[in-house]
Amino acid sequence: MASDSLETARRLLEVTSTTEVEAEAEAGQLPSLPSGFYDAFVLRGIRIVQALQPGTLLCHFTVPSRLLNSGGFLHGGATASLVDLVASAAFATAGLRTRGSPLEMNISYLDAAFADDEIDIEAKVLRAGKAVGVAVVELKKKSGKIIAQARYSKYLGVASSK
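Note that the coordinates shown come from a computational prediction; the quantities given were computed from them, not determined experimentally.

Definitions and limits used
Residues numbered from 1 in each chain as written. Predicted model: local features only at pLDDT ≥ 70, side-chain atom pairs only at ≥ 80, totals over all residues. Heavy atoms only, no water. Salt bridge = Lys/Arg side-chain N within 4 Å of Asp/Glu carboxyl O. Helix = DSSP H or I, 4+ residues; strand = E, 2+ residues; numbered from the N terminus. Pairing = 2+ DSSP bridges. Axes fitted to C-alpha atoms, helices over the stretch in contact; angles between N-to-C directions. Contact = heavy atoms within 4.5 Å. Phe/Tyr/Trp six-rings, centres within 6.5 Å; stacked < 30°, edge-to-face > 60°. Buried < 20%, exposed > 50% of the residue type's maximum accessible area, 1.4 Å probe, protein only.

Engineer: Which residues make up the pattern of salt bridges, and what values do they have?
Structural biologist: Pairing between side chains becomes possible if they bear opposite charge and their charged atoms approach one another. In the structure shown here, the tally under the stated rule is five salt bridges. Note that Lys-142 is salt-bridged to Asp-120, the shortest N-O span being 2.8 Å. You can see Lys-142 sitting in the loop between strand S5 (132–141) and strand S6 (146–155) and its partner Asp-120 sitting in strand S4 (residues 118–128), a full 22 residues away along the chain. Shared partners join several salt bridges into a network, and the residues in it are Asp-111, Lys-141 and Lys-145.

Engineer: Quick one: what's the story with the sheet that holds S4, residue by residue and with numbers?
Structural biologist: Judged by pairing direction, the sheet is antiparallel, and its six strands sit side by side in the order S1-S2-S4-S5-S6-S3 without closing on themselves. Pairing within the sheet leaves two strands with one partner each, and these edge strands are strand S1 (47–53) and strand S3 (102–109). Within the sheet, the average angular offset between the axes of one strand and its neighbour, ignoring direction, is 15 degrees. Of the strand pairs in this sheet, S4 and S5 are connected by nine bridges, and their pairing is antiparallel. For Arg-127, the partnering residue across the bridge sits in S5 and is Val-134. Here helix H4 (residues 76–93) sits on the sheet and contacts S1, strand S2 (56–62), S3, S4, S5 and S6; the angle it forms with S6, its principal contact strand, is near 55 degrees.

Engineer: Would you mind going over the packing of aromatic side chains in detail, with residue names and values included?
Structural biologist: According to the stated counting rule, one finds one aromatic pair in the structure shown. Note on Phe-73 and Phe-114: the rings are 6.3 Å apart at their centroids and 80 degrees apart in plane angle, and the pair reads as edge-to-face. Of the two residues, Phe-73 sits in the loop between S2 and H4 while Phe-114 sits in the loop between S3 and S4, which places them 41 residues apart along the sequence. Here Phe-73 falls in the partly exposed class, since its relative accessible area comes to 33%. Overall, the relative accessible area of 39% leaves Phe-114 in the partly exposed class.

So, in structure tokens, the structure goes:
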């Protein structure tokens, strides 16, 4: 069961997009983005290290230049996307549905991450009920310095009874 949950998380996060789509996007030549493009754009390069236990997930990520803001460090919106996507994958490691919508995200931005910085992203499910789940996510530099801490709640969706 744990390996199935880890594989589900891996499928959610380790998204790969085609070289052609990546090249067109980087050149600014896409008139409309294909479905799932944004998640792949943010997540490309993320590596799941382990599901420490059901509901806890550790990932490594090298900050790519495509996710930097005009100040040259990891964009806050990209950080929020990483929080959303990695927390959703942590719910998957606990065998929970992940198709629901985020309800609330509170992120404390504590330090900057620059291009090519190696960071760890750890997500832990604190509580999951029938419809709502709560997780915490922390982004850290390899030195242990915290880049961002987040509390995340998500509507998990209620399984339909047919």
